[in-house]
Amino acid sequence: MTSLDSIKAIIAPDLVRLNDLIRTQLRADNPLMDTVIESYLTSKGKQIRPIIVMLCARMFGDINRRVLDAAAAVELLHNASLIHDDVVDESKLRRNEPTINAVWDNHIAVLVGDFFVSTSLQRAIDTGDMRIIEVIGRLGKLLSLGEIDQIYNAREHTLTEEAYFKIINFKTASLFVACAQMGCYAVGADDNSTAKLSRIAELLGLCFQIRDDIFDYYEADKVGKPTGNDLREGKITLPLLHVLLDASAPDHEAMNALAALEQLTDTQIATLQAYARDNGGIDYARARMDALRREAAAVAATLPRPDAAEPLMQIFDYIIAREY
């Protein structure tokens, strides 16, 4: 299994510079805001997205201040979306730490999320590159549309793989694409290489979301965090979707009827989780991840220096193998 730490080691000094920049830019000279943000920053998460920005940039140049501003912009916008998601989902924990809304209430959490968005836009503007500013502006729209599409499809009980992949392309892969584009723009990479790295990043984002969706079909004690949340919200993701679309699967009609209920009990959620696991849903989702990685490797092979893309391919390996 590829370790994320081994990938981070490649750009370790630059990650330190990035986090120092983020911390500095989030200072507000307001005691409450500074306290909330300082508490939030104690848990930085995996930071895969800014890592992608920097890995793409270093293929064509140095990780300069423009690259760091671009990486900070995307990381800040991503964290703003997480803070707002925690409010919407009424989540009490993230990264095993209490959420802002759990500690300080929803009002403050929304304002802090807005502060992150504004700071993200400032970092994008300071790159002096209109393409980067445009990417950030477009990204906010795509993330919102992805979430709205998922809510709509859950309410309408839309069960197609096409709809599923459209949703995860908007809500997750679009962020990964933005990372590749911003990293390339910040160092003046050529258009052809930028397009190829953007495609690799898109495939990586799809893979990331599928892996995250797989976790929802296991018992919480095996994953180390609450599971079944998507089903609780009426969202059918790839492992269960594949089985529900398979007319030859046992109890096909009964399970589709169960999945269509507006509200599910914990027992019903456990039934659907087991149905996906026992009838090939997890195996199918894993196969799709492997196919995405193969496609990305084929694209990487056409780059001017295919070996330079190896750290990105290692992120694929990390994502596919990760257990939480």
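Quick caveat: nothing in here was measured; it's all calculated off a predicted structure. (Residues numbered from 1 in each chain as written. Predicted model: local features only at pLDDT ≥ 70, side-chain atom pairs only at ≥ 80, totals over all residues. Heavy atoms only, no water.)

(A) Examining the pattern of salt bridges more closely. Across all of its chains, the model carries 17 salt bridges by this definition. A salt bridge links R138 to E134; its shortest N-O distance comes to 3.5 Å. One end of the pair is R138 and the other is E134, both in helix 8 (residues 130–156) and 4 residues apart, which spans about a single turn. We classify R138 as partly exposed; its relative accessible area is 35%. With a closest N to O distance of 2.8 Å, E161 and R288 form a salt bridge. On the criterion of sequence distance, the pair formed by E161 in helix 9 (residues 161–187) and R288 in helix 16 (residues 281–300) is long-range, its members being 127 residues apart. Given the relative accessible area of 26%, R288 is considered partly exposed. One continuous salt-bridge network, built from bridges that share partners, spans R65, D69, R123 and D126. (Salt bridge = Lys/Arg side-chain N within 4 Å of Asp/Glu carboxyl O. Helix = DSSP H or I, 4+ residues; strand = E, 2+ residues; numbered from the N terminus. Buried < 20%, exposed > 50% of the residue type's maximum accessible area, 1.4 Å probe, protein only.)

(B) How the structure looks around the nonpolar core. Core analysis: the biggest nonpolar cluster contains 107 residues, and I210 and I315 have the highest contact counts within it. For this core, the leading source of residues is helix 9, giving 14 residues. Apart from residues no more than four positions distant in its own chain, I210 is found in contact with Y164, F165, I168, L238, A285, R288, M289 and L292. (Core = buried A, V, L, I, M, F, W, Y, C linked by side-chain atoms within 4.5 Å. Contact = heavy atoms within 4.5 Å.)

(C) Quick look at the environment of H157. Counting through the fold element by element, H157 comes out in the loop between helix 8 and helix 9. The exposure class assigned to H157 is partly exposed, which follows from its relative accessible area of 26%. Separated by 102 residues in sequence, H157 and A259 place their C-alpha atoms 8.7 Å apart. With sequence-adjacent residues up to four places away left out, H157 is seen in contact with N256, A259 and A260.

(D) The arrangement of the packing of aromatic side chains in detail. Taken as a whole, this structure holds 3 aromatic pairs when the rule is applied. Between Y40 and F116, the aromatic rings sit 5.6 Å apart at their centres with planes inclined by 80 degrees, giving edge-to-face as the arrangement. Of this pair, Y40 sits in helix 3 (residues 31–40) while F116 sits in helix 7 (residues 106–126); the two residues are 76 residues apart in sequence, bridging distant segments of the chain. Y40 gets classed as buried once you look at its relative accessible area, which sits at 13%. Its relative accessible area of 1% is what places F116 among the buried residues. With 5.5 Å between their ring centres and 45 degrees between their planes, F176 and F208 make a pair best called tilted. (Phe/Tyr/Trp six-rings, centres within 6.5 Å; stacked < 30°, edge-to-face > 60°.)

(E) Examining unusual backbone geometry more closely. Although it is not a glycine, D29 sits at a positive phi angle of roughly 55 degrees. Relative to the helices and strands, D29 is located in the loop between helix 2 (12–25) and helix 3. In the Ramachandran plot, D105 falls in the positive-phi region, its phi being about 105 degrees despite a non-glycine side chain. Along the chain, D105 falls in the loop between helix 6 (100–104) and helix 7.

(F) How the structure looks around the packing of helix 10 (residues 191–215) against helix 16. Interaxial distance between helix 10 and helix 16 falls to 9 Å at its minimum, and their mutual angle equals 165 degrees. Considering the angle they form, helix 10 stands roughly antiparallel to helix 16. Between helix 10 and helix 16 the crossing geometry is left-handed. Residues K196, R199, I200, L203, L206, C207, I210, R211 and I214 of helix 10 lie in contact with helix 16, whose contacting residues are I282, A285, R286, R288, M289, L292, E295, A296, V299 and A300. Partitioned by chemical class, the residues of the contact of helix 10 with helix 16 number 13 nonpolar, no polar and 6 charged. (Axes fitted to C-alpha atoms, helices over the stretch in contact; angles between N-to-C directions. Parallel < 35°, antiparallel > 145°, perpendicular 65-115°, else oblique. Left-handed = near helix turned anticlockwise from the far one by under 90°. Nonpolar A, V, L, I, M, F, W, Y, C, P; charged D, E, K, R; others polar.)

Nothing here speaks to function; it is all geometry.
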